[in-house]
Amino acid sequence: MPSYATGRILFEQDVNGVAKPVHNLDLQLLDDDYGHDTLLASGKTDMEGRFRIAYDPKDAGLFDVPDLKLAVLLPETLYTKKATGEGLELKRVLIPLPGFESPVATDVKEETYDFGDLRVALYEYIEPADGPTPRLLVDDTHVLPQTQRAGRKLALTEKIAEVATYKLGLKPWPLPLTKKMEAEKPGSTQTDEFFVEMMLNGFNPVLFKRERTGAQRYYVDWSWKGQIQDGVHYAPDTRCFFDRVDDGKLGKFVLTGIEIAKRVGDYTAGDDSLMSPPKMYTPECGKELWDRVKRIVRSNYFVFGEAQTHLGGTHLNVEQYIVPVVRNLRANPVVSLLTPHFYGTVDINHAADGLLVKENGGAVISVPEGSAAVVATIGSILRAGMRQMNWHGFSPRTPQATNDRYAHAANVYWGVLTRYVDYYFAEHM
């Protein structure tokens, strides 16, 4: 006659005051043998988080009464090389949930042993959710559920060692792109052509808006409307205008003008009741003034891009999908499609918290030095950007011009990704 281990697995955090069960969770029933645990049986939780695992006590060993404990396992999907050596295949494995410590029931002799309700910290949320997006809870008692793979750890270690040689003065710091360009060709980063290149294809590739249907004039703007400023730095609203001129292909964007409107009232109050009329600048205003005006735009480009494109679009937007996927999908075949591409992301995000997000439950955003923004401003800009990020019906932007290289590359990548997803569903659904 078999014996049984029963119980229920619940998330550590309640949802609206109600305990939330963890369904379809893989479990192992072990005999605790001082570091040499013996696997007795495996099982899964049902939709209510309950489990009933049958086992044979004799499997604990001769003259040994089992000391029962549980291992909680999460599915992980790896890409491994096929046995033929040609191509890759998906391999699903189970790994122990980091940080979970099972209670141990010693000398279990009863036919059915009930572990009762067990709380599991499985990708829990930061609470209260006072940040701009849902975040994974990581603190002294909640360890990162994933760390970087061995290859990436090695690469990071090597990079850290390389950075140390720069800090110690053993090697000169490598030049960033703009300084390298200036060293090779002075003035090259101040040209209108590079300005357009940065707007279209830089770290914050912006989408030019058409002035009106059929027009060949486009614009992009950044507004500080309603935003609190520090009262020290200058940060006006800016709007750049571009004409699309014939180049024998799709056309080419050229910068034709920049409008600047500044707040006349109290910069620190976020009061927009007094705004100066926008003033237009063009290349004809003289090189020195024109370069200064472009520098103002580039400052806005950086502050908004760092908050919305980098921190929001690259880090936080992905994390808010990872947490619910891991919490709720385990038996669903979509897991094997998504999770290989998520691996290590939350580790990267929380490692970056010291640089991009100050310590306060993940809610206080750091401010780029030398900008007019304050903490509340960056948080507001970030939230405004996050509200526009929706994967439903998403596709990359259509290339607007020949020099819109980012859009051309994005569409090539999107085509590859679409074929991969179609192939996956054809094979696994």
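Residues numbered from 1 in each chain as written. Predicted model: local features only at pLDDT ≥ 70, side-chain atom pairs only at ≥ 80, totals over all residues. Heavy atoms only, no water.

Peer 1: Whenever I open this one, the confidence of the model for the protein chain confuses me. Can you help?
Peer 2: Where the model shows low pLDDT, its predicted coordinates should not be examined in detail. Within the protein chain, residue pLDDT values average 88, and 93% of them lie at 70 or more. At the low end of the mean pLDDT range in the protein chain sits strand 14 (residues 364–365), at 53; at the high end sits strand 4 (residues 50–55), at 98. For the stretch residues 359–364, pLDDT sits under 50, and the model shows eleven contacts to residues farther than four places along the chain or on other chains. (pLDDT = per-residue confidence, 0-100. Helix = DSSP H or I, 4+ residues; strand = E, 2+ residues; numbered from the N terminus. Contact = heavy atoms within 4.5 Å.)

Peer 1: Would you explain the packing of helix 4 (residues 287–328) against helix 8 (residues 375–386) in this entry?
Peer 2: The axes of two packed helices give the description: the angle between them and the distance between them. Two elements in contact, helix 4 and helix 8, have axes separated by 9 Å at closest approach and are oriented at 60°. Between helix 4 and helix 8, the angle falls in the class oblique. Here helix 4 and helix 8 pass one another in a crossing that is right-handed. Along its contact with helix 4, which presents Val303, Phe304, Ala307, Gln308, Leu311, Gly312, Leu316, Asn317 and Gln320, the element helix 8 presents Ile378, Ile381, Leu382, Ala384, Gly385 and Met386. Here the contact of helix 4 with helix 8 is built from residues that sort into ten nonpolar, five polar and no charged. (Axes fitted to C-alpha atoms, helices over the stretch in contact; angles between N-to-C directions. Parallel < 35°, antiparallel > 145°, perpendicular 65-115°, else oblique. Left-handed = near helix turned anticlockwise from the far one by under 90°. Nonpolar A, V, L, I, M, F, W, Y, C, P; charged D, E, K, R; others polar.)

Peer 1: What is the right way to read helix 8 from this model?
Peer 2: Side chains three or four residues apart in an α-helix point the same way, a direct result of the helix having 3.6 residues per turn. With twelve residues, helix 8 should reach 16 Å at 1.5 Å per residue; the first-to-last C-alpha distance of 17 Å fits that figure. Of the positions making up helix 8, those classed as buried are Thr377, Ile378, Gly379, Ile381, Leu382, Gly385 and Met386. (Expected span 1.5 Å × (residues − 1). Buried < 20%, exposed > 50% of the residue type's maximum accessible area, 1.4 Å probe, protein only.)

Peer 1: Quick question: what am I supposed to make of a nonpolar patch on the surface here?
Peer 2: A grouping of Tyr321, Trp391 and Phe394 is seen on the molecular surface, where their side chains present a nonpolar patch of about 300 Å² in accessible area. Relative to the helices and strands, tryptophan 391 resides in the loop between helix 8 and helix 9 (405–428). Classification of tryptophan 391 as partly exposed rests on a relative accessible area of 47%. (Patch = residues over 30% accessible without salt bridge, like charges linked within 9 Å, V, L, I, M, F, W, Y side chains within 5 Å. Areas by Shrake-Rupley, 256 points an atom, 1.4 Å probe, with all protein chains shown as cover. Salt bridge = Lys/Arg side-chain N within 4 Å of Asp/Glu carboxyl O.)

Peer 1: Could you clarify how one ought to interpret the sheet that holds strand 7 (residues 112–120) in this entry?
Peer 2: Paired through their backbone hydrogen bonds, the strands of a sheet run either parallel or antiparallel. Strands sit in the order 4-1-7 across an open sheet of three strands; the sheet is mixed. Either end of the sheet is taken by a strand with one partner, and the two such strands are strand 4 and strand 7. Along the sheet, successive strands turn relative to each other by an average axial angle of 20°, direction set aside. Here strand 1 (residues 3–11) pairs with strand 7 via seven bridges, running parallel. Residue isoleucine 9 lies in a different strand from strand 7, and its bridge partner there is leucine 118. (Pairing = 2+ DSSP bridges.)

Peer 1: Looking at this structure, I do not really get the packing of aromatic side chains. What am I missing?
Peer 2: For any pair of aromatic rings, geometry is given as the distance between the ring centres together with the angle between the planes. Taken as a whole, this structure holds 13 aromatic pairs when the rule is applied. Pairing phenylalanine 51 with phenylalanine 115 gives two aromatic rings, centres 6.4 Å apart and planes at 50°, and the pair type is tilted. Here the residue phenylalanine 51 occupies a position in strand 4, and phenylalanine 115 occupies one in strand 7, the gap between them amounting to 64 residues. Comparing phenylalanine 51 with phenylalanine 115 shows no difference in burial state: the two are buried. Between phenylalanine 394 and tryptophan 414, the ring centres sit 5.3 Å apart and the planes meet at 80°, which makes this aromatic pair edge-to-face. Of this pair, phenylalanine 394 sits in the loop between helix 8 and helix 9 while tryptophan 414 sits in helix 9; the two residues are 20 residues apart in sequence, bridging distant segments of the chain. Judged by its relative accessible area of 35%, phenylalanine 394 falls in the partly exposed class. Directly above the ring of phenylalanine 11 sits arginine 327, whose terminal nitrogen or CZ lies 4.0 Å from the centroid. (Phe/Tyr/Trp six-rings, centres within 6.5 Å; stacked < 30°, edge-to-face > 60°. Lys NZ or Arg CZ within 6 Å of the ring centre and 35° of its normal.)

Peer 1: How should the pairing of strand 11 (residues 252–261) be read in this particular structure?
Peer 2: On a regular strand, each side chain points to the face opposite its neighbour's, so the side chains alternate between the two faces of the sheet. Of the pairings in the sheet, the one linking strand 10 (residues 237–245) to strand 11 comprises nine bridges and is antiparallel in character. Bridge pairing in strand 11 links aspartate 237 to alanine 261. Hairpin connection of strand 10 to strand 11: six residues between the antiparallel strands, including glycine 248 at a positive phi of 85°. Examined bridge by bridge, strand 11 and strand 12 (residues 279–281) share three bridges and lie antiparallel to one another. Within strand 12, the residue paired with isoleucine 260 across the bridge is lysine 279.

Peer 1: What exactly am I supposed to notice about the sheet that holds strand 9 (residues 217–222) here?
Peer 2: If you walk across this open sheet you meet the five strands as 8-9-10-11-12, and the pairing is antiparallel. Both outer strands of the open sheet, strand 8 (209–210) and strand 12, are each paired with one neighbouring strand and no more. The pairing of strand 8 with strand 9 spans two bridges and is classified as antiparallel. Counterpart to lysine 209 in the pairing with strand 9 is tyrosine 219. Relative to strand 11, helix 3 (residues 192–201) is tilted by about 90°, and along the sheet it contacts strand 9, strand 10 and strand 11. Along the sheet, helix 4 makes contact with strand 9, strand 10, strand 11 and strand 12, crossing strand 11 at roughly 90°.

Peer 1: Could you clarify how one ought to interpret the environment of lysine 81 in this entry?
Peer 2: Summarising the element assignment, lysine 81 is placed in strand 5 (residues 68–81). Looking at lysine 81, the relative accessible area reads 60%, which means it is exposed. Each C-alpha atom of the pair lysine 81 and threonine 189 lies 45 Å from the other, and the pair is 108 residues apart in sequence. Sequence-distant contacts of lysine 81, defined by excluding residues within four places in its chain, comprise Gly87, Leu88 and Glu89.

Peer 1: Before we go on, may I ask you to explain the pattern of salt bridges in this structure?
Peer 2: Where charged atoms from two side chains of opposite charge come close, those side chains can pair. Taken as a whole and assessed by the stated rule, the structure comprises 16 salt bridges. One salt bridge in this structure joins arginine 327 and glutamate 124, with 3.4 Å as the shortest N-O distance. Of this pair, arginine 327 sits in helix 4 while glutamate 124 is found in the loop between strand 7 and helix 1 (150–167), placing the two residues 203 residues apart along the sequence. We note that arginine 327, like glutamate 124, is buried. A salt bridge links lysine 209 to aspartate 221; its shortest N-O distance comes to 3.4 Å. One end of the pair, lysine 209, is in strand 8; the other, aspartate 221, is in strand 9, and twelve residues separate them in sequence. By relative accessible area, which is 39% here, lysine 209 ends up partly exposed. Linked by salt bridges that have partners in common, Asp192, Lys287, Asp291 and Lys294 make up one network.

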